[in-house]
Amino acid sequence: MGKLITKEEIKDVLDDLRKNVKILAVNGCFDLFHARHFNFLKKASEQGDFLFVGLSSDDSIKNKKGDGRPIFYERERAKVNNAAI
């Protein structure tokens, strides 16, 4: 918990969880983190036992939102999201 993991590592985590655990997943850029992001993640975390937060890659954000984005790089965005949950 509280660290970046790869897609491959997600399978290992899921294998360790019991079948009756409610697992949720959300994804987003979370580039300019604001109160709506915080509320969204907080509410999502309350809906189950385990929440995966996927962050769009820096390249993905640049492709979708153009040059000059992301404003904050992946590692920084991951730290902010981890602290918010």
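Procedures and definitions
Residues numbered from 1 in each chain as written. Predicted model: local features only at pLDDT ≥ 70, side-chain atom pairs only at ≥ 80, totals over all residues. Heavy atoms only, no water. Helix = DSSP H or I, 4+ residues; strand = E, 2+ residues; numbered from the N terminus. Buried < 20%, exposed > 50% of the residue type's maximum accessible area, 1.4 Å probe, protein only. Contact = heavy atoms within 4.5 Å. Areas by Shrake-Rupley, 256 points an atom, 1.4 Å probe, with all protein chains shown as cover. Arc of directions from axis to C-beta.

Here we take up the overall build of the protein. Each helix and strand counted, the protein has four helices and two strands in total. The order of helices and strands in the protein, counted from the N terminus, is α-β-α-β-α-α. Burial status across the protein gives 21% buried among its 85 residues. Considering only intrachain contacts with a sequence separation of at least 6, the fraction spanning at least 24 residues in the protein is 64%. Of the accessible surface of the protein, which amounts to about 6,500 Å², a share of 52% is contributed by carbon and sulfur atoms.

So, about helix α2 (residues 35-45). The complete set of buried residues in α2 reads His 37, Leu 41 and Ala 44. The buried side chains of α2 occupy one side of the element, clustering within an arc of 65° when seen end-on. For α2, the exposed residues set more than 90 degrees away from the buried face come down to Ala 35, Arg 36 and Lys 43.

By the secondary structure assignment, Lys 64 is in helix α3 (residues 58-65). Lys 64 gets classed as exposed once you look at its relative accessible area, which sits at 61%. Residues Lys 64 and Cys 29, 35 residues apart in the sequence, show an inter-C-alpha distance of 10.0 Å.

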